[in-house]
Amino acid sequence: MPTDVIMPQMGESIFEGTITKWLKKPGDKVQRDEPLFEISTDKVDAEIPAPASGVLQEIKVAEGNTVQVNTIVGTISADGESSPAKASAPASSAPVAPPKKEAPAPSKPQAFPVETRQDVEMHDEDVRSSPLVRKIAREHNVDLSQVSGTGLGGRITKQDIMAFLEKGPAVAPAPQAGPSQPSAATSRPAPAPAPSPAAIPGDVVPMSQMRKIIAQRMIESRHTSAHVHAMFEVDLTRIVNLRNKLKNSFEQRNSARLTFMPFFVRAAIIALQQYPIVNASLEGENIRYHRHVNAGIAVALDWGLIVPVLKNADELNFLGLQRGITDLGERSRSKKLMPQDVEGSTFTITNPGQFGAVFGLPIINQPNSAIMGVGGITKQPLVITDQDGTDSIAIRSVVHLTLGYDHRLIDGAVADQFMALVKKTLENWSEDVG
C-alpha cells in the first residue's frame, strides 16, 4: 500500500502550511527521512522529510497551495509498485464536485488540495469560504461576493482572495450568479511560488509567506510599542585583538568558529541582569519580569529574516553561547528550525553591521521591550586619555550599538544606564572565552 505524505503540524498553534517547493517529482526515488518538500508557516520555513522509502507516486498539492495540517499532499509507493496514470497531476486537477458529506472526524487527513476543513456557507450570501478567508476579507474590506472561487463547489480559497487583493477589484473576474463550479477555461490557477531574489525588473510578483508575516509583524510592533532609540559608540579594540589572537586555537580546541556575536550577547546578558526591566514584557497593565534571558538572534536569509531564540542564555558560558549561536544560524539557513526555536524570546540582538551598516534603528521584536542593533566594526581615530590625563589620538576598532526600546516600560535614563554597562563590559573585557 502507498504511504501518505501529509502536511505536518509544526506546533500547537499552527493549523496550516504553504508548500513552497517540491524537492522531488513523481517517479523519483526517495529515502526515508530524505528532504521531500519545503513548507512555509506563520512561524518557520522548513524542509519536510519523506515518511518512507520508495518512489514518489503522486503529488496531490502543487507548489504555492496552502492546506490544513494533516492534509494528504502526496503518496509514496514501495519500489516496484505501479503508479496511477495520473501520478503527476497536481492538486489543482482534483475533482471539483463537492463531497456528499464531510470527514467524520477533524483528525482524518483530507486529500483535497486547498483549505478543506471548517468550510461553511455564509448565512447571508451564497458564498463558501473558510474562517481564514473571511478573516482576510474583513481585514482588507473585501466583499467575498466579488471574488471568484476555484475550490470545490465554487469555494473561495486563500489563494483566490490573495490573488484578488494582488490584482485589485478592477481586474478581478466578476462573480457568477451562484457558487457554480468553475469551468477549466475560467478557473484561476494557484499563485506561483515565491520568486527568487533575482526577479526581473518590471515584474509584479506575489509576496512570499515569510515576507507577508514579516510585514504584518513590523506594522504591529510599530503600532504597539512607543519606539525610542539610543546609540552608543564602543571602543572594541581589546576584543578585536583578543579574537585575532585566539580564533585559530579556539576553533582547533572547540571545533567552532570564534565570532563577535557571543561577546555582544554576553555583554547584553550582564546588563539585563542588572536592569531586568529591559528583559521584561508588558502584559496589559502588568509587567512580566522574566526569570531567564532568552536571546533572540536575528538571522538574515536569502528569502527573508528570522529570529531563532537561544533559550536560557544567561546559564551558558562563552563557549556555550558561541555554539548555540552557530547552531541556530546553521539550522535557520538549512530550514531545520522547529516552531519552538523561534518562540519565547525576552530580548533580541540584530547585526546590520555584517553588511556594512554603521548602525541601525531596529524595530522591537514583540513581545520584547528592547532590541539591540550591532553596527559594523571599523577603524577610526579616537582621542585616548591615559592614566595621567594625557590625551592622544590613536587608531581604534569602533562599533556603534543601538538600543531600540519601548518607552512605555523603559525610561530613557534606564536605557542609557543599560547601554553604558554594555559599553563598559565590552571595552574592559576580562572574561575567559574558553
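The text that follows walks through the structure, step by step, so that each part is easy to find.

This paragraph deals with the overall build of the chain. Secondary structure summary: the chain contains seven helices and 21 strands in total. When contacts within the chain are restricted to residue pairs at least 6 apart in sequence, long-range pairs at least 24 apart make up 65% of them.

Now for the packing of aromatic side chains. Centre-to-centre distance and the angle between the planes together describe a pair of aromatic rings. A full pass over the atoms with the stated rule returns five aromatic pairs. Measuring from ring centre to ring centre gives 6.0 Å for Phe318 and Trp429, while their planes differ by 70°; the resulting arrangement is edge-to-face. Highlighted residues: Phe318 in helix H6 (residues 318–333) and Trp429 in the segment after helix H7 (412–427), separated in sequence by 111 residues. Summarising the burial analysis for this pair, Phe318 and Trp429 share the class buried. Among the aromatic side chains, those forming a connected cluster through ring pairs are Phe263, Phe318 and Trp429. Positioned above the aromatic ring of Trp303, the side-chain terminus of Lys335 is 4.6 Å from the ring centre.

Within the secondary structure, Asp341 is located in the loop between H6 and strand E18 (347–350). Once you skip the residues sitting within four places of it in the chain, Asp341 turns out to touch Val307, Pro308, Val309 and Arg331.

Next up on the list: the sheet that holds strand E7 (residues 66–68). With respect to topology, four strands assemble into an open sheet ordered E5-E4-E2-E7, the strand pairing being antiparallel. Across the chains shown, the open sheet's two edge strands, defined by having one partner strand only, are strand E5 (45–49) and E7. Taken pair by pair, the neighbouring strands of this sheet meet at an average axis angle of 40°, ignoring direction.

Residues Met231, Val358, Phe359 and Leu361 make up a contiguous nonpolar surface patch of roughly 380 Å² in combined accessible area. When you line up the elements, Val358 lands in the loop between E18 and strand E19 (370–374).

Before going further, it helps to spend a moment on the nonpolar core. By size, the foremost hydrophobic cluster in this structure holds 77 residues, and its most contacted members are Phe347, Met372, Leu401 and Leu426. For this core, the element with the most residues is helix H5 (residues 261–274), which contributes nine residues. Formed by ten residues, the second largest nonpolar core is a distinct cluster that contains Ala137, Val142, Leu144 and Met162.

What follows deals with the pairing of strand E13 (residues 286–289). Sheet topology places strand E12 (residues 280–283) next to E13; four bridges connect them, and they run antiparallel. Residue pairing across strands places Glu283 opposite Asn286, the latter belonging to E13. Hairpin geometry of E12 and E13 is characterised by an intervening segment of two residues between the two adjacent antiparallel strands and by a positive phi of about 65° at Gly284.

Moving on to helix H4 (residues 237–254). Because each turn of an α-helix spans 3.6 residues, side chains separated by three or four positions end up pointing in the same direction. Taking 1.5 Å per residue, 18 residues should reach 26 Å; H4 reaches 24 Å between its end C-alpha atoms and fits that length. Within H4, the axis deviates most sharply at Leu246, by approximately 50°. Of all the residues in H4, the buried ones are Thr237, Ile239, Val240, Arg243, Phe250 and Asn254.

Calculation notes
- Residues numbered from 1 in each chain as written.
- Predicted model: local features only at pLDDT ≥ 70, side-chain atom pairs only at ≥ 80, totals over all residues.
- Heavy atoms only, no water.
- Helix = DSSP H or I, 4+ residues; strand = E, 2+ residues; numbered from the N terminus.
- Contact = heavy atoms within 4.5 Å.
- Phe/Tyr/Trp six-rings, centres within 6.5 Å; stacked < 30°, edge-to-face > 60°.
- Buried < 20%, exposed > 50% of the residue type's maximum accessible area, 1.4 Å probe, protein only.
- Lys NZ or Arg CZ within 6 Å of the ring centre and 35° of its normal.
- Pairing = 2+ DSSP bridges.
- Axes fitted to C-alpha atoms, helices over the stretch in contact; angles between N-to-C directions.
- Patch = residues over 30% accessible without salt bridge, like charges linked within 9 Å, V, L, I, M, F, W, Y side chains within 5 Å.
- Areas by Shrake-Rupley, 256 points an atom, 1.4 Å probe, with all protein chains shown as cover.
- Salt bridge = Lys/Arg side-chain N within 4 Å of Asp/Glu carboxyl O.
- Core = buried A, V, L, I, M, F, W, Y, C linked by side-chain atoms within 4.5 Å.
- Expected span 1.5 Å × (residues − 1).
- Bend = angle between axes of the 7 residues up to and from the residue.

Structural measurements only, silent on function.
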